[in-house]
Amino acid sequence: MTLTANELVFQSPYLAVKKANELLKEGKMAEVEQILESLAESMGRSEKRAVISQLTR
């Protein structure tokens, strides 16, 4: 079973980075871009939740 970029990032950001590294070595730039975009979106959501949590306190 192959995971989408979003699923991989949700499962494990570390594994997503390792997969992106593999794909980069294989020259599969479109797939690398998808993973990096998913990671960036994920990090943005996480940071936003952290700020909201701190402001709520």
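Given the structure is predicted, the values throughout are model-derived calculations rather than measurements.

*Asks:* What exactly am I supposed to notice about the side chain of Ser-38 here?
*Replies:* Mapped onto the fold, Ser-38 is located in helix 3 (residues 29-56). Looking at Ser-38, the relative accessible area reads 7%, which means it is buried. Here the side chain of Ser-38 touches Asn-6 through a polar contact of 2.7 Å, side chain to side chain. When sequence neighbours within four positions are dropped, the list of residues in contact with Ser-38 reads Ala-5, Asn-6 and Val-9.

*Asks:* Mind showing me how you'd approach helix 3 here?
*Replies:* One full turn of an α-helix is made of 3.6 residues, so residues set three or four places apart face in the same direction. Here helix 3 spans 41 Å end to end across 28 residues, near enough to the 40 Å set by a 1.5 Å rise per residue. If you check which residues of helix 3 are buried, you get Val-32, Ile-35, Ser-38 and Leu-39. Buried positions along helix 3 lie against helix 1 (5-11) and helix 2 (13-25).

*Asks:* How do you make sense of the packing of helix 2 against helix 3 when you look at a structure like this?
*Replies:* Axis angle and axis distance: for two packed helices, these are the angle between their axes and the distance between the axes, and together they describe the pair. Axis separation between helix 2 and helix 3 bottoms out at 8 Å; the angle between their running directions is 160 degrees. Taken together, helix 2 and helix 3 sit at an angle that is classed as roughly antiparallel. When the axes of helix 2 and helix 3 are compared, the crossing they make is left-handed. Judged by residue contacts, Pro-13, Ala-16, Val-17, Lys-19, Ala-20, Leu-23 and Leu-24 of helix 2 engage Met-29, Glu-31, Val-32, Ile-35 and Leu-39 from helix 3. Within the contact of helix 2 with helix 3, the residues separate by chemical class into 10 nonpolar, no polar and 2 charged.

*Asks:* How do you make sense of the pattern of salt bridges when you look at a structure like this?
*Replies:* Opposite charge on two side chains allows them to pair when their charged atoms are near. Counted under the stated rule, the structure contains 2 salt bridges. Residue Lys-19 is joined to Glu-22 by a salt bridge in which the shortest nitrogen-to-oxygen separation is 3.8 Å. Of this pair, Lys-19 and Glu-22 both sit in helix 2, 3 residues apart, which is roughly one turn of the helix. Judged by relative accessible area, Glu-22 falls into the partly exposed class, the value being 41%.

Analysis parameters
Residues numbered from 1 in each chain as written. Predicted model: local features only at pLDDT ≥ 70, side-chain atom pairs only at ≥ 80, totals over all residues. Heavy atoms only, no water. Helix = DSSP H or I, 4+ residues; strand = E, 2+ residues; numbered from the N terminus. Buried < 20%, exposed > 50% of the residue type's maximum accessible area, 1.4 Å probe, protein only. Polar contact = N/O pair within 3.5 Å; in protein donor to acceptor, adjacent residues only side chain to side chain. Contact = heavy atoms within 4.5 Å. Expected span 1.5 Å × (residues − 1). Axes fitted to C-alpha atoms, helices over the stretch in contact; angles between N-to-C directions. Parallel < 35°, antiparallel > 145°, perpendicular 65-115°, else oblique. Left-handed = near helix turned anticlockwise from the far one by under 90°. Nonpolar A, V, L, I, M, F, W, Y, C, P; charged D, E, K, R; others polar. Salt bridge = Lys/Arg side-chain N within 4 Å of Asp/Glu carboxyl O.

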